[in-house]
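Architecture at a glance
Now for the letters of each chain:
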Amino acid sequence: MQGTSQLVFYLYGMKIIATNIGKSTTVSWNGGEIQTGIFKYPTTEPITLQKEAVGSDTIANRKVHGGEDKACYLFSSEHYPYWKNLYPNLDWNWGMFGENLTVEGMDESQMRVGDIYSIGSALVQVSQPREPCFKLGIRFGDQGILKAFIAHGYPGTYVRVLEEGTVTVGDELVLRERSENPLTISQFYGLLFARKKESHLVQLAVNNTALPLHKRERLKKYLPSA
């Protein structure tokens, strides 16, 4: 019964505790200067989830961020204490991981790729986990966080926006449609970085049409029949 109670909380107990956006910031990198939108901070105003981005937010490199499959990034507030313990000297606030929405009660091990939620007046679909890049290292002042972030196994998730709308602090994530494919964000995240990939998870990923096509195509070579 304990597991059932936890699942019920997951399905109905997720709430937005911070809405975060960032301005373009110039940083030094490899002897030059680059622009980044990784420095996000809480806003007191509602944010608008659009088809390919969050309104008023900054996406410096649209080749790897934004777009239909990465329109908005969600990260769980439950993971913050772990990282605060590792980086106690940083100036902590919500948005530290570059997330647009900081969510209380979100569990990647229960959230399925393809789940559909309403948030505020928006309707979104879980699309893929976040894969860390060097800009997260810039945000934390330590490129070593990339390996640590992968090893920790709680990446947060991107969503695609099925219906545009506004989201504000206090809004709940309400599950509208549970994906029939049982692949969770945590399982897919582990699969991406596993040296030996479990065939049944590869098959679930290849069959999951909520995942971006290019990711499914790359995994086909790991199927036994390939």
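All values derive from a computational prediction rather than experimental measurement.

**Overview of the packing of aromatic side chains**
Applying the stated criterion across every chain, the model contains 18 aromatic pairs. Ring centres of phenylalanine 97 and phenylalanine 140 lie 5.2 Å apart, and the angle between their planes is 45°; this geometry places the pair in the tilted category. Within this pair, whereas phenylalanine 97 is found in the loop between helix H2 (80-86) and strand S7 (101-104), its partner phenylalanine 140 is found in helix H3 (residues 134-140), the two being separated by 43 residues in sequence. The exposure class of phenylalanine 97 is buried, given its relative accessible area of 0%. Their ring planes at 35° and their centres at 6.3 Å tell us that phenylalanine 97 and phenylalanine 149 sit as a pair that is tilted. Note that phenylalanine 97 is positioned in the loop between H2 and S7 and phenylalanine 149 in helix H4 (residues 145-152), a separation of 52 residues in sequence.

**Re the environment of proline 42**
Within the secondary structure, proline 42 sits in strand S4 (residues 40-42). Its relative accessible area of 35% is what places proline 42 among the partly exposed residues. For the pair proline 42 and alanine 71, spaced 29 residues apart in the sequence, the C-alpha separation amounts to 18 Å. With near-sequence residues (within four places) excluded, proline 42 lies in contact with Thr19, Asn20, Asn93 and Trp94.

**Focus: helix H5 (residues 185-193)**
In an α-helix, one turn spans 3.6 residues, which is why side chains three or four residues apart end up on the same side. Those residues of H5 that fall on the buried side of the exposure criterion are Ile185, Phe188, Tyr189 and Leu191. Buried residues of H5, viewed axially, fall in a sector of 160°; they line one side.

**Considering the state of the cysteines**
Within this structure, the stated rule accounts for zero disulfides. The thiol of cysteine 72 is not disulfide-bonded; the next cysteine sulfur, from cysteine 133, is found 17 Å away. According to the relative accessible area criterion, cysteine 133 is partly exposed, its value standing at 24%.

Rules of the game
Counting restarts for each chain: residues are numbered from 1 in the order of the written sequence. Only residues with pLDDT of at least 70 are given local features in this predicted model, and only at 80 or more are side-chain atom pairs given and counted; all residues enter the totals for whole chains, interfaces and linings. In computing side-chain values, all of the structure's heavy atoms are included and hydrogens and water are not. A pair of Phe, Tyr and Trp rings is counted when the ring centres sit within 6.5 Å of each other, with Trp represented by its six-membered ring. The angle between the planes then sorts it: under 30 degrees is stacked, over 60 is edge-to-face, the rest tilted. Working definition: helices are DSSP H or I runs of at least four residues, strands are E runs of at least two. Numbering for both runs from the N terminus. For each residue, the accessible area found with a 1.4 Å probe, counting protein chains only, is set against the maximum for its type, and the residue is called buried under 20%, exposed over 50%, and partly exposed in between. Throughout, a contact is declared for two residues whenever any of their heavy atoms are within 4.5 Å. Note that the arc is defined by the directions from the helix axis to the C-beta atoms. Note on disulfides: each one is a pair of cysteine sulfur atoms within 2.5 Å.

The values reported here are purely geometric and, on their own, carry no functional implication.
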